[in-house]
Amino acid sequence: MSAIHLQQEDNVAILKVDNIARHNALTVSMLEQLEAHCEQLEQQTAARVILLCAAGDSSFCVGADINAWAELPAGEFARRWVRVGHRVFDRLAQLSMPTIAVINGLACGGGLELIAACDLRVAAPKVSLSMPETGLGVVPGWSGTQRLATLMPSAVLNEMLLLGDKISAQRAYEVGFINQIADDPLAVAHAMANQISKYMTRAARGEDRAALIEALGGGLIAASDDKQEGVSAFRAKRKPQFSKR
């Protein structure tokens, strides 16, 4: 049975997309479960970091289940998929706790939009990303033309949106969308979560709060390409070209 599972491990909450028979495609029920879990997480005090992962080791999420939306009338398609999906992904993006996407395989369409709603992204080397909507005669409906436009260079995003091209984890890392590539992305995400959780717990107790807040911010930016670009630009005495994030 397809589902979004929620489990707690100390200060880390894990959301798992589980529809492995359909390559973790998202159904209306799964969207509703994700929204409910986000509300639950916002009300609790134990989890300080959230990991978003997927069942299996081949596909992270291939987006909306085509069997669920292909025959919907235009009005119903807009209401049940576009508006509901936007609302749920926005809720994930607006969580007060940091979120880390753990990407183990193909993330396309709504799956790519799902990881874009997270704060950090760790991917396995084999991962590929795509927006295949153009080949289906539809347009991205869950922020693919909006949120992704703030996270990726327009030239790269246009390749995906207009041509349907896939990009590798390495290229996504090089343009600043993926924060880290790792053979075991879940282990790396856990390490990042533990570091973030430690900072947040100590800050909540008032211990070196100002320093810890800046350390947390510094740690997050160091996981992106912006730090290296800033250093390189300084040394070359040129204007830095930071990623759009």
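What you see is a predicted model, and the numbers here were worked out from it, not measured in a lab.

Trainee: Kindly report on the layout of surface pockets, identifying the contributing residues and their values.
Mentor: Looking at the second largest pocket, its volume works out to about 190 Å³. Contributing elements (two or more residues each) for the lining of the second largest pocket: β2 (12-18), β3 (49-54) and α9 (185-204). Of the residues assigned to the lining of the second largest pocket, the class counts are eight nonpolar, four polar and three charged.

Trainee: An account of the nonpolar core is requested, with residue identities and associated values reported.
Mentor: If you look at the biggest cluster of nonpolar residues, it comprises 49 residues, and the most contacted ones within it are F60, L92, I103, I115, L129 and F177. With five residues, helix α1 (residues 28-43) is the largest single contributor of residues to this core. Counting 14 residues, the second largest nonpolar core, distinct from the first, contains V12, I100, A182 and M192.

Trainee: Let's hear about the sheet that holds β2: which residues, and what values?
Mentor: Taking strand neighbours across the sheet as the criterion, the six strands line up as β1-β2-β3-β5-β7-β10 in an open arrangement whose pairing is mixed. Both edges of this open sheet fall to β1 (3-9) and β10 (180-181), since each of them pairs with a single strand only. Each of β1, β2 and β3 touches α1; the most contacted strand, β1, lies at about 25° to it.

Trainee: Before we move on, could you go through helix α7 (residues 154-163) and cite the residues and values that matter?
Mentor: Listing the buried residues of α7 in full gives V156, L157, M160 and L161. One side of α7 holds all its buried residues, which, seen down the axis, span an arc of 125°. Of the exposed residues in α7, those oriented more than 90 degrees away from the buried face are A155, L162 and L163.

Trainee: Please give an account of the pattern of salt bridges that cites residues and values.
Mentor: Applying the stated rule across the entire model yields five salt bridges. In this structure, R147 engages D90 in a salt bridge whose closest nitrogen and oxygen atoms are separated by 2.7 Å. Residue R147 is located in helix α6 (residues 147-151), and its partner D90 is located in helix α3 (residues 74-93); the two are separated by 57 residues in the primary sequence. D90 gets classed as partly exposed once you look at its relative accessible area, which sits at 24%. The closest approach of N and O atoms between E159 and R171, which form a salt bridge, is 3.0 Å. Here E159 is found in helix α7, whereas its partner R171 is found in helix α8 (residues 169-174), with 12 residues between them in sequence. What you see here is one network of salt bridges that share partners, running through E39, E42 and R91.

Trainee: Can you tell me about the environment of I100, naming the residues and giving the values?
Mentor: Mapped onto the elements of the fold, I100 is located in strand β5 (residues 99-103). Discounting residues that sit within four places of it in the chain, I100 has contacts with V49, I50, L51, L52, L120, V122, A189, M192, A193 and I196.

Trainee: So what about the side chain of S59? Which residues, and what values?
Mentor: Within the element layout of this structure, S59 appears in strand β4 (residues 59-61). Take S59: its relative accessible area is 7%, and that puts it in the buried class. Sequence-distant contacts of S59, defined by excluding residues within four places in its chain, comprise H23, N24, A54, N104, G105 and L106.

Trainee: Give me the pairing of strand β7 (residues 120-123): which residues, what numbers.
Mentor: Burial of β7 is two-sided: the residues L120 and V122 facing one way and the residues R121 and A123 facing the other way are all buried. The sheet contact formed by β5 and β7 spans four bridges and is parallel. Each residue of the ladder has a partner; that of I103, found in β7, is A123. Bridging between β7 and β10 involves two bridges; their strand directions are parallel. Considered in β10, the bridge of A123 is made with I181.

What counts as what
- Residues numbered from 1 in each chain as written.
- Predicted model: local features only at pLDDT ≥ 70, side-chain atom pairs only at ≥ 80, totals over all residues.
- Heavy atoms only, no water.
- 1 Å grid on protein atoms, 1.4 Å probe; cavity = no way out; pocket = protein on both sides within 12 Å on 5 of 7 lines; lining within 4 Å.
- Points joined across faces, edges and corners; volume = space filled by probe spheres on them.
- Helix = DSSP H or I, 4+ residues; strand = E, 2+ residues; numbered from the N terminus.
- Nonpolar A, V, L, I, M, F, W, Y, C, P; charged D, E, K, R; others polar.
- Core = buried A, V, L, I, M, F, W, Y, C linked by side-chain atoms within 4.5 Å.
- Buried < 20%, exposed > 50% of the residue type's maximum accessible area, 1.4 Å probe, protein only.
- Pairing = 2+ DSSP bridges.
- Contact = heavy atoms within 4.5 Å.
- Axes fitted to C-alpha atoms, helices over the stretch in contact; angles between N-to-C directions.
- Arc of directions from axis to C-beta.
- Salt bridge = Lys/Arg side-chain N within 4 Å of Asp/Glu carboxyl O.

Keep in mind these values describe shape, not function.
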